[in-house]
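# Reading the structure
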Amino acid sequence: MSVAQTHSGERASARRLRLRRWGQHGGLLIGGALLACAIVMALCAPLLAPADPYLQELGARLKPPVWAEGGSWANPLGTDQLGRDYLSRLIYGSRISLLIGLGTVAIGGAIGITLGLLAGFFGGRVDMVISFIVTARLAMPVMLVALAVVGLVGSSLTVVILVLGLLLWDQFAIVTRTAVRQIRDLDYIAAARAVGSSTPSIILREALPNVTGPILVVVTLEMAHAILLEAALSFLGLGVQPPLPSWGLMIAEGRDYIFFTPWVIAIPGAALFLLVLGINLFGDGVRDVTAPGGR
Amino acid sequence: MARYAMQRFILALAVAVAVSIISFAILRVSTDLAQALAGEAANQEEVEQIRIAYGLDRPLYVQYFAWLGDIARGDFGESYYFREPVAGLILDRLPLTFTLAGMSLLLALIIALPLGVLAALHHNSWIDRLCLGIAVVGQAMPSFWFALMLIFVFAVTLQVVPLSGGDTWQGLILPAVVLAYYATPAIMRLTRAGMIEVLASDYIRTARAKGLSSASILVKHALRNAVMPVVALAAVKFGFLLGGSTIVETVFALDGIGYLSWESIQRADFPVVQSIVLLFSLIFVFLTFASDILNAWVDPRVRV
């Protein structure tokens, strides 16, 4: 009884320690807060947006934001070149960025983690072949290939997600492979084999759950990467198409007005920057907290 | 060493072949080229005529080997848009893109090396945190947005550099700064990590014990060993900078390969796009090979 109590007491204090470690990591908190803001914006866009993001009002084009001369609370961030409320477009734009990030990571993660698990677990020939595929993939210029394929297939949100997902799996493969190699020869894997678990079951039940830490870090990095790439593609006119309020597209549309109304490119750019910064800080924080030795 | 170099060379060759197959395949399955060439309005018959005229009716592997054979002879095909050999179009623009990438790399090294060394010397101090901050901010900033902001501040408001164009070297300053900013964090981090490792090693302690001056230890013993991996990384980064030229050249309206690639994609000028993808990939493969050899030459442990 007393042994059990001490044990549960220890576990509770370990949990408290872990919580404190999460709570004390500045970058993790800031990153988490920025990310949470973006997620709330995306989920509650219809509630938060003051106006319809697609409603054009040609009489009220390029109105300045509220803090500038001539701005008003009717359009807190002003309006774009078609008189659409900029704040509303910004809020709805967070949906596109997060969708791109999550979709890309889902596809890229599935491919990369599978390859990494196979390469790390089996080693030998399998590892050689998969490492070769990864090397070949790394030699391809991501931006150029993505542009070319989206340009030739035709651009849409789905195509962008698919193309980015099929390109951004290399880091998942590399990190998973390394992590699995480290645990492959540990006792509990041997134990699982001894009790008669099948190889697929060992890979999925024993290996995979023990490499989630490093994978989570890659998830954040590649999400940030995908969001920046989508913005760049949309900016170059070969990504998400108008009238969707992609932040990259908003910057492209505001480009002609850089002389007189620089805020139309400054605002969506700042939003992109904060979101990507948040995701990166969060990822770095998770790495520090889950693997303090690996800094 | 020779054996290691040979192994690396064979690997690089294999990767080059794989890359050529991939770049051929992905662009080919992305679209029906005959249809794209004929245009939306063309009827079925016209599309088929074009398919035969351009040899697109042959099996894919036949087309691939024909393409590879042409490239081996230096024939990269003819641009659908310019009606000129692709090789010439690329060669005309190569100097600009290479100059830009070279300038960026130089700038990145000038910024990253001293900062990395300082951060390592004053481990966990404010300068270390400043370097980390620069890296974190650099990774989060969209390059095209950074470029537009620089244009707004330096070309529109202050008017210290020309708005666009690569005719003068001043026109290359802003594009080089944008590209350099993306190469800086990785180089800085590697310099810092390398210096920290080297400074903690036995031979530095020995040098200190011998009573050598700090400056002499830093430059002769530490920096020389820490900097070689950085040089190797810089080679690889040059490849990345070429890839990044698409965005930067488009924003600054520089008529280099990056801009050509963007325009060609929009015009469905297939031979040009394919050649540029292949060229950038091959350059990257070569640079990776060179950097592997460089690393192995400096650090014999790598060869094992």
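Everything numeric here is computed off the predicted structure, so don't read it as measured data.

The rules behind the values
Residues numbered from 1 in each chain as written. Chains lettered and ligands numbered in written order. Predicted model: local features only at pLDDT ≥ 70, side-chain atom pairs only at ≥ 80, totals over all residues. Heavy atoms only, no water. Helix = DSSP H or I, 4+ residues; strand = E, 2+ residues; numbered from the N terminus. Buried < 20%, exposed > 50% of the residue type's maximum accessible area, 1.4 Å probe, protein only. Contact = heavy atoms within 4.5 Å. Areas by Shrake-Rupley, 256 points an atom, 1.4 Å probe, with all protein chains shown as cover. Lys, Arg positive; Asp, Glu negative; His and termini not counted. Charge placed at Lys NZ, Arg CZ, Asp CG, Glu CD. Core = buried A, V, L, I, M, F, W, Y, C linked by side-chain atoms within 4.5 Å. Domains from an automatic or database assignment. UniProt positions renumbered as here; feature names shortened; annotations may be inferred. Buried area = accessible area lost by both parts, 1.4 Å probe. Polar contact = N/O pair within 3.5 Å; in protein donor to acceptor, adjacent residues only side chain to side chain. Nonpolar A, V, L, I, M, F, W, Y, C, P; charged D, E, K, R; others polar. Expected span 1.5 Å × (residues − 1). Salt bridge = Lys/Arg side-chain N within 4 Å of Asp/Glu carboxyl O. Phe/Tyr/Trp six-rings, centres within 6.5 Å; stacked < 30°, edge-to-face > 60°.

Here we come to the overall build of chain B. Each helix and strand in chain B was counted, giving 12 helices and zero strands. Moving toward the C terminus, one meets the helices and strands of chain B in the order α-α-α-α-α-α-α-α-α-α-α-α. Among the 304 residues that make up chain B, the fraction classed as buried is 47%. Sequence-distant contacts in chain B: of pairs separated by 6 or more residues, those separated by 24 or more amount to 73%. For chain B, the computed accessible surface area is about 14,900 Å², with 66% contributed by carbon and sulfur atoms. Distance between charge centroids for chain B: 20 Å, based on 20 positive and 21 negative side chains.

Take the nonpolar core next. Buried together is how nonpolar side chains tend to be arranged in soluble globular proteins. Residue and element names in this part refer to chain B. Grouped together as the largest cluster of nonpolar side chains are 154 residues, with contacts concentrated most on Phe-144, Val-251 and Phe-252. For this core, the element with the highest residue contribution is helix 12 (residues 270-298), accounting for 13 residues. Both domains that furnish three or more residues to this core are identified here as domain 1 (2-66) and domain 2 (95-269). Counting residues in hydrophobic clusters, the runner-up holds 10 residues, among them Val-117, Met-195, Val-198 and Ala-226.

Residues and elements named next belong to chain A. Cross-referencing UniProt, the feature "transmembrane region" (unreviewed entry) maps to residues 26-49, 96-122, 142-169, 215-236 and 257-282 in the present numbering. With 100% helix and 0% strand, the stretch residues 96-122 has end C-alpha atoms that lie 38 Å from each other. Taken end to end, residues 142-169 comprises 82% helix and 0% strand; its first and last C-alpha atoms sit 11 Å apart.

Attention now moves to the interface of chain A and chain B. Accessible area lost when the parts come together is the quantity often used to give the size of an interface. On the chain B side, the residues contacting the 38 residues of chain A number 42 residues. Both sides of the chain A and chain B interface together cover about 3,500 Å² of buried area, and 84% of this is carbon and sulfur. For the chain A face of the interface with chain B, the top three residues by lost area are Leu-144, Leu-152 and Leu-236 of chain A, together amounting to 18%. Where chain A packs against chain B, one counts three residue pairs in polar contact (both at pLDDT 80 or more). For the side of chain A that touches chain B, the secondary-structure elements that each account for two or more residues are helix 5 (124-139), helix 6 (142-153), helix 11 (212-235), helix 12 (247-254) and helix 13 (263-290) of chain A. In terms of residue count, the dominant contributor to the side of chain A that touches chain B is helix 13 of chain A (10 residues). Grouping the amino acids of the side of chain A that touches chain B by side-chain chemistry returns 32 nonpolar, five polar and one charged.

Residues and elements named next belong to chain A. Taking 1.5 Å as the rise per residue, helix 11 with 24 residues should run 34 Å; its terminal C-alpha atoms sit 34 Å apart, in good agreement. Of all 24 residues in helix 11, 17 are buried; the element is thus mostly enclosed. Following helix 11 by one or two positions, Gly-237 adopts a phi angle in the positive range, close to 85 degrees.

Residues and elements named next belong to chain A. Evaluation of the coordinates by the stated rule reveals 15 salt bridges over all chains. Across the pair Glu-253 and Arg-84 runs a salt bridge, and its minimum N-O distance is 3.7 Å. One end of the pair, Glu-253, is in helix 12; the other, Arg-84, is in the loop between helix 3 (45-48) and helix 4 (86-122), and 169 residues separate them in sequence. Of the residues examined, Glu-253 reaches a relative accessible area of 18% and is grouped as buried. We classify Arg-84 as buried; its relative accessible area is 2%. Salt bridges here are not isolated pairs; linked through shared partners, they connect Asp-80, Arg-84, Arg-89 and Glu-253.

Sequence positions flagged by UniProt for "domain: ABC transmembrane type-1" (unreviewed entry) are, in local numbering, residues 94-283 of chain A. With 81% helix and 0% strand, residues 94-283 of chain A has end C-alpha atoms that lie 19 Å from one another.

Bringing the domain arrangement of chain B into the picture now. Parsing chain B into structural domains produces domain 1 (2-66) and domain 2 (95-269). Inter-centroid distance (C-alpha atoms) of domain 1 of chain B to domain 2 of chain B is 35 Å.

All names here are of chain B. Inspection of every chain in the model, using the stated rule, returns 14 aromatic pairs over all chains. When the ring of Phe-9 is compared with that of Phe-289, the centres are 5.8 Å apart and the planes differ by 65 degrees; the resulting orientation is edge-to-face. With a gap of 280 residues between them, Phe-9 in helix 1 (residues 2-30) and Phe-289 in helix 12 connect regions that are remote in the sequence. When its relative accessible area of 39% is taken as the criterion, Phe-9 is described as partly exposed. Look at Tyr-81 and Phe-82: their rings are 5.0 Å apart centre to centre, the planes differ by 90 degrees, and that puts the pair in the edge-to-face class. Using a relative accessible area of 27% as the deciding quantity, one classes Phe-82 as partly exposed. Joined through ring pairs, the aromatic side chains of Phe-24, Tyr-64, Phe-65 and Trp-67 make up one cluster.

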